[in-house]
Amino acid sequence: MTGADLREAFLRYFEDKGHTRVRSSSLVPGDDPTLLFTNAGMVQFKGVFLGEERREYRRATTCQKCVRAGGKHNDLENVGRTARHHTFFEMLGNFSFGDYFKPDAIAFAWEFLTRDLAIAPGRLIATVFTDDDDAFALWKTVAGLGDDRILRLGEKDNFWAMGDTGPCGPCSEIHFHQGDHLSCAEEAAGRTPISCGRSSSTSRRWRAWPTDATRSPTSPCASSPTPRGPRRS
């Protein structure tokens, strides 16, 4: 399967699930002074999540061109030092604007990965934010994962924020277990590792529901005006 095949398979899957295919927005946001570059697929929907605009659809799927070379999501310093960081990439995403949330988000992700891409379920591990008992339970009931394959992680790993202000919230991720025989890629390349640990044998494949709240200059993350929406990265 080529990159183009994977891109089309993802977009078509979510179109079949009632999502509208939306074109990638500009790499330079034209109406958002808080961002220098588009750093995530949800940027073009920021106004929807903040309750400032409405779209003619409630489900969307995109392949967004992103740059992470400054600001909060700055991967520039890690390029060449890790086996997976880069600055320009395409981010596939599925979004819901008050239509569905965690149960369907998990079901869609699990079905696409295990059925459409034929990834062995036994190679997949889920992570949730420390106190997200709802997500923990859903990974068990919807995907059939055991307690030992659902990890509770803290804010560094499972809490997403666009920046100092804007959409934010706890998230959940799916990781692919590459094998216990694999050493940390940075160490194997003779470099000083900056992010091995659990990442030495796993690779993140999906992230969900990071935009269920909003952070302002005067307040921490609070419930978003528009009900939450999942996305994939």
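Just so it is clear, the structure is predicted and the values come from calculations on it, not from any experiment.

Rules of the game
- Residues numbered from 1 in each chain as written.
- Predicted model: local features only at pLDDT ≥ 70, side-chain atom pairs only at ≥ 80, totals over all residues.
- Heavy atoms only, no water.
- Helix = DSSP H or I, 4+ residues; strand = E, 2+ residues; numbered from the N terminus.
- Contact = heavy atoms within 4.5 Å.
- Areas by Shrake-Rupley, 256 points an atom, 1.4 Å probe, with all protein chains shown as cover.
- Expected span 1.5 Å × (residues − 1).
- Buried < 20%, exposed > 50% of the residue type's maximum accessible area, 1.4 Å probe, protein only.
- Pairing = 2+ DSSP bridges.
- Right-handed = clockwise from strand over helix to strand, strands pointing away.
- Axes fitted to C-alpha atoms, helices over the stretch in contact; angles between N-to-C directions.
- Parallel < 35°, antiparallel > 145°, perpendicular 65-115°, else oblique.
- Left-handed = near helix turned anticlockwise from the far one by under 90°.
- Nonpolar A, V, L, I, M, F, W, Y, C, P; charged D, E, K, R; others polar.
- Phe/Tyr/Trp six-rings, centres within 6.5 Å; stacked < 30°, edge-to-face > 60°.
- Salt bridge = Lys/Arg side-chain N within 4 Å of Asp/Glu carboxyl O.

*Asks:* Got a minute to help me understand the overall build of the protein chain in this structure?
*Replies:* Of the regular secondary structure elements, the protein chain holds six helices and 11 strands. Long-range contacts, defined as pairs at least 24 residues apart, comprise 70% of the intrachain contacts of the protein chain with a sequence gap of at least 6. Put simply, the protein chain shows about 11,500 Å² of open surface, and 49% of that area lies on carbon and sulfur atoms.

*Asks:* Even after reading the chapter, I still don't get helix H3 (residues 102-116), so can you show me in this structure?
*Replies:* Residues spaced three or four apart along an α-helix face the same direction, because each turn holds 3.6 residues. Given a rise of 1.5 Å per residue, 15 residues ought to cover 21 Å, and the 20 Å separating the end C-alpha atoms of H3 matches this to within 8%. Taken together, the buried positions of H3 are Lys102, Ala105, Ile106, Phe108, Ala109, Trp110, Phe112 and Leu113. Where H3 ends, the next residue or the one after it, alanine 118, has phi of about 60°, a positive value.

*Asks:* Honestly, the pairing of strand E4 (residues 124-129) in this entry has me stumped. Any pointers?
*Replies:* Each regular strand displays side chains that alternate between the two surfaces of the sheet. Counting buried residues along E4, five of its six residues qualify, which places the element largely inside the surrounding structure. Direction of pairing for E4 relative to strand E8 (residues 172-177): antiparallel, over a ladder of five bridges. Bridge pairing in E8 links alanine 126 to isoleucine 174. In this structure, E4 lies alongside strand E5 (residues 150-153), joined through four bridges in parallel fashion. Across the sheet, the residue bridging to threonine 127 is leucine 151, located in E5. At this point the chain moves from E4, through helix H4 (residues 133-141), to the parallel E5, and the crossover so formed is right-handed.

*Asks:* Mind showing me how you'd approach the packing of helix H1 (residues 3-16) against H3 here?
*Replies:* When two helices pack together, their arrangement is given by the angle between the helix axes and by the axis-to-axis distance. One can describe the packing of H1 onto H3 by two numbers: an axis separation of 11 Å at closest approach and a directional angle of 135°. With respect to H3, the axis of H1 lies oblique. Viewed along their axes, H1 and H3 form a crossing whose handedness is right-handed. Where H1 approaches H3, its residues Leu6, Ala9, Phe10, Tyr13 and Phe14 are matched on the opposing element by Ala107, Phe108, Glu111, Phe112, Arg115 and Asp116. Classifying every residue of the contact of H1 with H3 by side-chain character gives eight nonpolar, no polar and three charged.

*Asks:* What is the right way to look at the packing of aromatic side chains in this model?
*Replies:* Note on aromatic pairs: each is described by the distance of the centres and the angle between the planes. Within the structure shown, the criterion is met by 13 aromatic pairs. A centroid spacing of 6.4 Å and a plane angle of 80° characterise the contact between tyrosine 13 and phenylalanine 108, whose relative ring orientation is edge-to-face. Of this pair, tyrosine 13 sits in helix H1 while phenylalanine 108 sits in helix H3, placing them 95 residues apart in sequence. When the ring of phenylalanine 14 is compared with that of phenylalanine 108, the centres are 5.9 Å apart and the planes differ by 90°; the resulting orientation is edge-to-face.

*Asks:* Mind showing me how you'd approach the pattern of salt bridges here?
*Replies:* Where charged atoms of side chains with opposite charge meet at close range, the side chains can pair. According to the stated counting rule, one finds 14 salt bridges in the structure shown. The partner of glutamate 8 in a salt bridge is arginine 21, and the shortest N-O contact between them spans 3.0 Å. Taken together, the residues glutamate 8 in helix H1 and arginine 21 in strand E1 (residues 20-22) connect sequence positions 13 residues apart. Classification of glutamate 8 by relative accessible area gives partly exposed; the value is 27%. Residue classification places arginine 21 among the partly exposed residues on the basis of a relative accessible area of 35%. One salt bridge in this structure joins aspartate 134 and lysine 102, with 3.8 Å as the shortest N-O distance. Here the residue aspartate 134 occupies a position in helix H4, and lysine 102 occupies one in helix H3, the gap between them amounting to 32 residues. Accessibility expressed as a relative area gives 44% for aspartate 134, which makes it partly exposed. Within the structure, one salt-bridge network assembled from shared partners comprises Glu8, Arg12, Glu15 and Arg21.

*Asks:* What is the right way to read the pairing of strand E3 (residues 88-96) from this model?
*Replies:* The element E3 is largely enclosed, with a buried count of seven among its nine residues. For strand E2 (residues 59-67) and E3, the ladder comprises nine bridges, and the chain directions are antiparallel. Opposite valine 67, over in E3, you have phenylalanine 88 as the bridge partner.

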